[in-house]
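Fold and contact review
As a plain string of letters, each chain reads:
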Protein chains: 2
Amino acid sequence: MPSSSRGAKNLTIGVFDSGFGGLTVLKELLRLVPHADYLYFGDSARLPYGSKSAETVARYAISSAQFLQHRGIDLLVVACNTATALAFDRIKAALPIPVIGVIEPGAKRAAEASRSRSAAVIATEATVASHAYQRALAERGIQSREVACPLLVPLVEEGWLEHPVTEQVAKIYLAQAFDGAAPKSPQPAADVLLLGCTHYPLLRPLLERITPEGVTLVDSAESTAQAVAEYLRECSADALVRGPSSPKPSLHFFATDSVEKFRRLGERFIGRAVENVEHVDIDQAAEV
Amino acid sequence: MPSSSRGAKNLTIGVFDSGFGGLTVLKELLRLVPHADYLYFGDSARLPYGSKSAETVARYAISSAQFLQHRGIDLLVVACNTATALAFDRIKAALPIPVIGVIEPGAKRAAEASRSRSAAVIATEATVASHAYQRALAERGIQSREVACPLLVPLVEEGWLEHPVTEQVAKIYLAQAFDGAAPKSPQPAADVLLLGCTHYPLLRPLLERITPEGVTLVDSAESTAQAVAEYLRECSADALVRGPSSPKPSLHFFATDSVEKFRRLGERFIGRAVENVEHVDIDQAAEV
């Protein structure tokens, strides 16, 4: 772990996602690790990853991760469930710095929360097809049922966070996840619902309303930020987590599609104005 | 227009789309121009185009069109509304062969069908933002209202063609398109609904049910195939349209993402088995 005490320079954390969802991880990171500098990369020209093949996702993810590495990050957070599920080992192998993904922290937190040793996982088509959560949960003795929810990302991006249509769609998916257990049933088989996509925290209030009683929601975005904070504590980089606010942290964004759209949509995910956005032509950048 | 009488070789028509929607145009082409050979290119690794910026879409579309040109097509059909809306002139300028897009044929057919001289257009976010249909219709003396329908493509790709959720979503969009006119109202302002996205023909039965009475549906996929047939007739390539079936036409597909997924999803759009699919790494291909 590179030291954070190189003069006045903060440690720089790179956060990478296919687009906007990773901003929910960044939002939690800013809360839990407020004294780092952040470079966020949203591969918005090639999104979504969630419906694409492992080969394509790995290629996109590695070029995006390498872009951040060339910008001098000390630690990479793969804030995209699909990229973590399909390409984590390859991203890790391609980078000479520590890399933290979203699957392990989410699975760890779900295992801690489950008493019935059974969890439901909702995620993109590609994440579900990879069974990365199923494996990570099984290693912790937790059975799981994974359900692909391809419509939730477009609904979030449409801004229909509390819309009757979104509720109806979410109910259909949750019925699959909970195996026909009636909503508000006292003893569902699974007692944890793992939100395996970084878009889903925006639907948390709606999902909490319609999830069977007694089920704990575990959010992979929040779990990942907690894992980063723990990792920094273990590396004796406590100052980043709890230290004084000086030197001032900085926040810089890169987007491969329109900067204007990144600003506009990004605000919804991070809950603050999105400034310092720079356009990147990733095909050109990849050749450097 | 290259001749179709070069020995036994059929004329080869290239059909390009961001993914699967263009297959609805190909389906109509196979019906109306059955004696050409077809190369279809689906840029499925970079889809969707509909939510991306003009700059990104133009870059993707030109590299895809050039790939087909290098494969020896005689005529290119841009079977993607977003690519046509945002990059038609640039694609045309980049290729030394005739290029036909979907906007002009759709607008022409809508103008022929409208008596009230007013049309409603439903399309992707990017197509609507470009106002390409509005301009093409205005040139023909038709006023229009354009409504972006970002959820319809994901719903089609989920296969929910007759699902209550899709009906509810479509009703919301149509209410915007018809300015609050009650469904089945006898005199809506617009008397044409232009389906400005090549995914939408799959929703035609549902849309026909919920469109106000007296409104004619115009499908840009069908209109484009008709425009290609007319163009070939004008070029005295009648044999392609109505001639004998020998030599046998061929059908070859290229996809930039998973071949398996292209086959599986493609069948829904074209209504027949999708064989002869070849994977293309477009980033590599672009460097050639």
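Structural data are supplied above this passage.
**Section: the sheet that holds strand β6 (residues 143-148) of chain B**
Note: strands within a sheet are paired through backbone hydrogen bonds, in either parallel or antiparallel orientation. Residue and element names in this part refer to chain B. If you trace the 4 strands from one edge of the open sheet to the other, you get β6-β5-β7-β8, paired in parallel fashion. Edge positions in the sheet fall to β6 and β8 (216-219), since each of these pairs with one other strand and no more. When the angles between neighbouring strand axes are averaged without regard to direction, this sheet yields 25 degrees.

**Overview of unusual backbone geometry**
Residue and element names in this part refer to chain A. Between L47 and P48 the backbone carries a cis peptide bond, its omega angle lying at -10 degrees. Phi at R117 takes a positive value of approximately 60 degrees, unusual for a residue other than glycine. Its location among the elements puts R117 in the loop between α4 (103-113) and β5 (118-123). Take R117: there are 16 C-beta atoms within 10 Å of it, and that puts it in the partly exposed class. Backbone geometry places H131, a non-glycine residue, at a positive phi of 55 degrees. Along the chain, H131 turns up in the loop between α5 (125-130) and α6 (132-138).

**Structural notes on the pairing of strand β3 (residues 75-78) of chain B**
Residues and elements named next belong to chain B. On β3, burial covers both faces: L75 and V77 on one face and L76 and V78 on the other are all buried. Pairing of strand β1 (residues 12-17) with β3, which is carried by 4 bridges, proceeds in the parallel orientation. Along β3, the bridge assignment pairs G14 with L76. In this sheet, strand β4 (residues 99-100) lies alongside β3 in parallel orientation, the contact comprising 2 bridges. From the neighbouring strand, V77 faces β4, where its bridge partner is I100. For the crossover from β3 across helix α3 (residues 81-94) to β4, the handedness is right-handed.

Parameters and conventions
- Residues numbered from 1 in each chain as written.
- Chains lettered and ligands numbered in written order.
- Predicted model: local features only at pLDDT ≥ 70, side-chain atom pairs only at ≥ 80, totals over all residues.
- Pairing = 2+ DSSP bridges.
- Helix = DSSP H or I, 4+ residues; strand = E, 2+ residues; numbered from the N terminus.
- Axes fitted to C-alpha atoms, helices over the stretch in contact; angles between N-to-C directions.
- Buried ≥ 20, exposed ≤ 12 C-beta atoms within 10 Å, placed from the backbone.
- Right-handed = clockwise from strand over helix to strand, strands pointing away.

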